[in-house]
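Observations on chain architecture
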Amino acid sequence: QVQLVESGGGLVQAGGSLRLSCAASGRTFSSYAMGWFRQAPGKEREFVAAIRWTGGNTYYLDSVKGRFTISRDNAQNTVYLQMNSLKPEDTAVYYCAASRKLYSISWSPSASSEYDYWGQGTQVTVSS
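We now turn to the structure provided with this report.

Criteria and thresholds
Residues numbered from 1 in each chain as written. Predicted model: local features only at pLDDT ≥ 70, side-chain atom pairs only at ≥ 80, totals over all residues. Heavy atoms only, no water. Disulfide = S-S within 2.5 Å. Helix = DSSP H or I, 4+ residues; strand = E, 2+ residues; numbered from the N terminus. Buried < 20%, exposed > 50% of the residue type's maximum accessible area, 1.4 Å probe, protein only. Pairing = 2+ DSSP bridges. Salt bridge = Lys/Arg side-chain N within 4 Å of Asp/Glu carboxyl O. Phe/Tyr/Trp six-rings, centres within 6.5 Å; stacked < 30°, edge-to-face > 60°.

Some words on the state of the cysteines
Following the criterion strictly, the structure yields one disulfide and no others. The side chain of cysteine 22 participates in a disulfide bridge whose partner is cysteine 96; the two sulfur atoms lie 1.9 Å from each other. Here the residue cysteine 22 occupies a position in strand β3 (residues 18-24), and cysteine 96 occupies one in strand β9 (residues 92-99), the gap between them amounting to 74 residues. The two residues cysteine 22 and cysteine 96 agree in class, both being buried.

Pasting the structure below:
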């Protein structure tokens, strides 16, 4: 069982930056692939970014490439999402998620069904 707690959300002006953190409980954090998803009001939850191992195998939604960076610190049991050049369309509740399929060749990082544990979410609001 893994419990995930997000933090770092808030209100920021367009062009600004935020860093989201997701702290995981348990001693097996390094054995999970991690992802970030978001859900805007009235819209479906969408994939934002994912990471397998530290330093490699990262995946991004096209619209955030070059602006967002996902990273993880296994010693701190934490995954981060650095968000730069924020736009009003980035406004959403952001969720982190953990997947047991770290070593699976068939893992689809953008599919929410591939994730086993979810946090409660943190609100990000970008004003224009």
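Some words on the pairing of strand β11 (residues 122-127)
Consecutive side chains along a regular strand alternate between the two faces of the sheet. Where burial is concerned, the two faces of β11 differ: the one with Thr122, Val124 and Val126 is buried and the one with Gln123, Thr125 and Ser127 is not. In this structure, β9 lies alongside β11, joined through three bridges in antiparallel fashion. Within β11, the residue paired with alanine 92 across the bridge is valine 124.

Describing the pattern of salt bridges
Summed over the entire model, instances satisfying the criterion amount to six salt bridges. For lysine 65, the salt bridge identified is with aspartate 62, shortest N-O distance 3.1 Å. Residue glutamate 114 is joined to lysine 101 by a salt bridge in which the shortest nitrogen-to-oxygen separation is 2.9 Å. Within this pair, whereas glutamate 114 is found in the loop between β9 and β10 (117-118), its partner lysine 101 is found in the loop between β9 and β10, the two being separated by 13 residues in sequence. Look at lysine 101 and you get partly exposed, because its relative accessible area is 33%. One network of salt bridges, with partners in common, ties together Arg38, Glu46, Arg67 and Asp90.

Concerning the packing of aromatic side chains
The full count for this structure, using the stated rule, is seven aromatic pairs. On the basis of an interplanar angle of 85° and a centroid distance of 5.8 Å, the ring pair of tyrosine 59 and tryptophan 107 is categorised as edge-to-face. Note that tyrosine 59 is positioned in strand β6 (residues 58-60) and tryptophan 107 in the loop between β9 and β10, a separation of 48 residues in sequence. The class for tyrosine 59 is partly exposed, based on a relative accessible area of 25%. In this structure an aromatic cluster arises from ring pairing among Phe37, Phe47, Tyr59, Trp107, Tyr115 and Trp118.

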